[in-house]
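Observations on the three-dimensional arrangement
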Amino acid sequence: MLMDSHAHLTLPQFDEDRPAVLARARSVGVRTILTVGTEPAEWEPAVALTRGEGEVEIYAALGLHPHDASTWSEESAESLRRWCAEPRVVALGEIGFDFHYLHSTREEQEEAFRRQIRLAKEISLPVVVHSREAERETLEVLRAEGASEVGGVIHCFSGDGEMARQALELGFFLSFSGSLTFKNAGKLREIARDIPVEKILIETDCPYLAPQPVRGKRNEPAYVRYVAETLAKLKGLSAEDIARITRHNALQLFSIGSADTEGKIAYRIRDSLYLNITNRCTNTCGFCVRNYSDFVKGHNLRLEREPDAREVIRAIGDPKSFREIVFCGYGEPLIRLDLVREVAAWIHEAGGRVRINTNGQGDLIHGRKIIPELAGLVDAFSVSLNTENEEKYRTICRPRFGAGTYEAVKDFIRQARKIAEVSVTVLDLPDVDVEKCREIAGKELQVGFRMRYYDEVG
Ligand code: SF4
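Please read all numbers here as calculations on a predicted model, not as lab measurements. (Residues numbered from 1 in each chain as written. Predicted model: local features only at pLDDT ≥ 70, side-chain atom pairs only at ≥ 80, totals over all residues.)

Some words on the overall build of the chain
- Secondary structure summary: the chain contains 16 helices and 17 strands in total.
- The C-alpha radius of gyration of the chain comes to 25 Å, within 12% of the 23 Å expected for a compact globule of 458 residues.
- Taken along the three principal axes of its C-alpha coordinates, the chain extends 75 × 45 × 40 Å.
- Put simply, the chain has 458 residues, and 47% of those count as buried.
- Relative to all contacts within the chain whose residues are 6 or more apart in sequence, the contacts with residues 24 or more apart total 76%. (Helix = DSSP H or I, 4+ residues; strand = E, 2+ residues; numbered from the N terminus. Rg over C-alpha atoms; globule rule 2.2 N^0.38 Å. Buried ≥ 20, exposed ≤ 12 C-beta atoms within 10 Å, placed from the backbone. Contact = placed C-beta atoms within 7 Å.)

Considering the sheet that holds strand β10 (residues 272-275)
- Pairing is mixed in the open sheet, where 7 strands are placed in the order β9-β10-β13-β14-β15-β16-β17. The open sheet has two edge strands with one neighbour each: β9 (266-269) and β17 (448-452). Recorded for the sheet is a direction-independent mean angle of 25° between the axes of neighbouring strands. (Pairing = 2+ DSSP bridges. Axes fitted to C-alpha atoms, helices over the stretch in contact; angles between N-to-C directions.)

Points about the environment of E137
- Note on placement: E137 falls in helix α5 (residues 135-144).
- Distance from E137 to L273, taken between C-alpha atoms, is 45 Å for residues 136 residues apart in sequence.

Description of the packing of helix α7 (residues 186-194) against helix α8 (residues 224-235)
- One way to put it is that α7 packs onto α8 with a least axis distance of 9 Å and a crossing angle of 65°. Handedness of the α7/α8 crossing: right-handed. Where α7 abuts α8, its residues R189, A192 and R193 lie against L231, L234 and K235.
- A class-by-class count of the residues in the contact of α7 with α8 yields 3 nonpolar, no polar and 3 charged. (Left-handed = near helix turned anticlockwise from the far one by under 90°. Nonpolar A, V, L, I, M, F, W, Y, C, P; charged D, E, K, R; others polar.)

A look at the pairing of strand β16 (residues 421-427)
- Of all 7 residues in β16, 5 are buried, a share of seventy percent or more.
- Bridging between strand β15 (residues 380-386) and β16 involves 6 bridges; their strand directions are parallel. Along β16, the bridge assignment pairs A380 with E421.
- With respect to chirality, the unit in which β16 leads through helix α16 (residues 434-445) into the neighbouring parallel β17 is right-handed. (Right-handed = clockwise from strand over helix to strand, strands pointing away.)

Re the domain arrangement of the chain
- Partitioning the chain into domains gives domain 1 (2-253) and domain 2 (266-452).
- Summarising the inter-unit geometry, the C-alpha centres of domain 1 and domain 2 are found 39 Å apart.
- Grouping the constituent residues of the side of domain 1 that touches domain 2 by class yields 2 nonpolar, 2 polar and 2 charged. (Domains from an automatic or database assignment.)

Observations regarding the site of the ligand
- Taken together, 13 residues are adjacent to the ligand, and C281, N283, C285, C288 and N359 come closest.
- A breakdown of the residues in the shell around the ligand according to their chemical character gives 5 nonpolar, 6 polar and 2 charged. (Near = placed C-beta within 6 Å.)

Here's the deal with the nonpolar core
- Core analysis: the largest hydrophobic core is formed by 79 residues, its most contacted members being A61, L62, L92, V127 and F176.
- Core analysis: the second largest hydrophobic core is formed by 47 residues, I325, L374, L427 and C437 among them. (Core = buried A, V, L, I, M, F, W, Y, C linked by C-beta atoms within 7 Å.)

Looking at the packing of helix α3 (residues 74-84) against helix α4 (residues 106-123)
- Axis separation between α3 and α4 bottoms out at 11 Å; the angle between their running directions is 35°. Once α3 is placed against α4, the crossing between them reads as right-handed. For the pair α3 and α4, contact is made by A77, L80, R81 and C84 and by R115, L119 and I123, respectively.
- In the contact of α3 with α4, the residues fall into 5 nonpolar, no polar and 2 charged.

Section: the sheet that holds strand β4 (residues 89-98)
- Pairing within the open sheet is parallel, and its 8 strands lie in the order β1-β2-β3-β4-β5-β6-β7-β8. Every other strand in the sheet has two partners, leaving β1 (2-7) and β8 (200-202) as the edge strands with one partner each. Each strand of the sheet is rotated relative to its neighbour by a mean of 25°, with strand direction disregarded.
- By the bridge criterion, 2 bridges tie strand β6 (residues 152-154) to strand β7 (residues 173-176) in an arrangement that is parallel. Within β7, the position partnered with I154 by the bridge is L174.

Some points on helix α1 (residues 18-27)
- All buried positions along α1 are accounted for by V21, L22 and A25. An end-on view of α1 places all buried positions within 95° of arc, on one side of the element. Seen from the buried face of α1, the exposed residues on the opposite side, beyond 90 degrees, are P19, A20 and S27.
- One or two steps after α1, the chain reaches G29, where phi turns positive at roughly 105°. (Arc of directions from axis to C-beta.)

A word on unusual backbone geometry
- A cis geometry characterises the amide bond from C206 onward to P207, with omega recorded as 15°.
- The backbone of E133 shows a phi angle near 55°, a positive value even though the residue is not glycine.
- Residue placement: E133 occurs in the loop between β5 (127-132) and α5.
- Even without being a glycine, L209 presents a positive backbone phi close to 55°.
- On the secondary structure map, L209 appears in the loop between β8 and α8.
- Here L209 falls in the partly exposed class, since 19 other C-beta atoms lie within 10 Å of it.

Structural notes on α4
- Given a rise of 1.5 Å per residue, 18 residues ought to cover 26 Å, and the 26 Å separating the end C-alpha atoms of α4 matches this to within 8%.
- If you follow the buried residues of α4, they end up packed against β4, β5 and α5.
- S124 sits one or two positions beyond α4 and adopts a positive phi of about 55°. (Expected span 1.5 Å × (residues − 1).)

Quick word on the pairing of β4
- Among the 10 residues that make up β4, 10 are buried, leaving the element largely enclosed by the rest of the structure.
- Relative to β4, strand β3 (residues 57-62) runs parallel, the two being bridged by 3 bridges. Counted as the bridge partner of A60 is V89 from β4.
- In terms of handedness, the path from β4 via α4 over to β5 forms a crossover that is right-handed.

What follows is the structure in structure tokens.
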């Protein structure tokens, strides 16, 4: 399910075949489009499109584009305020600076930009920002006007790494368009690769900027899939993962509601299936994604109640259709040792492979050595070691068991090594000595090592 987070469906380029354009979008999985009305003459048609009953949900962003900033007036401000009260108008934009064409003077652009941010704050809408050849000025105005209060997106991002970093710091999303697919866009792809996927939207900006392999044609929402495919390669995810994650990001930003309203028991990322069997944990890591979001890679993982083994097995389907099945979730799976054993035995019988992502505190949780109970049921463990010593572990992970937990985790790893492949994971946190952790994994514990990023659980 894709979302084209920036399209200009009201433009005359679509007058001949708008219904066919929407049908083609639907046929490739586009379920939601944000159409953008960039001047007063487009606001009413954009709102009219949001009232359509078609199979693609259309929402609108309305604003005065920097090209037209010279026409900003009290009347246009009042009119914009009125149209923004429509239920499916979910953002104010596109607004900002365009110093490439300078159709309006810099001063006029700045005045319209600032006034529209203030309006967005008054009516509590996020902003869609256009910034061309004006990186410093855009960031300055966003900061000075306190735009973080409502948040927003830098659409069709074309800035450098420093602008990306500062926009993320302000809490903004970055949206990538067809230009990400262009042969000469190596720098832009590097930026997209390096920023968290949770902060990315995708768009067509149609009818402009058609991506490869349709470059040069009129662009349309169906082509957003080419942007998703390019981003998927950069992120090492599947195009489906990117579609789900970027749509979720956009739905959250524009307060449209969530694609997933119920917590999932089983969820797919790439070709692996992850099992979410508990939200409880014996750590209270400061960085844990559970502290600030119900979602991981676009999947809702906040469980209303813990599933039983039968429900988990039903949610898995055919274990052979996945490269591996991972007990992970949004909490510590070994809290539910009996369920893990039952489901893992079923997965093995059905020809699947089992991995457990754990904090390594299973022995402390159950008051006995549990590894012998998992022999023959588990193919791999991934254990969060996280730090290079006890003191840092207690500060960062805040384990319920207090002193001695770090050594108990290391002992769990030594035991686990006897029955399965084991790797330890370590976070990319500034206080952690990654090289020391790598040494502990390789020399002391004799297991594999993997860097982990803050949004992964387990
Ligand atoms: S990051 Fe993992 S170990 Fe830490 S609190 Fe969250 S689920 Fe528990």
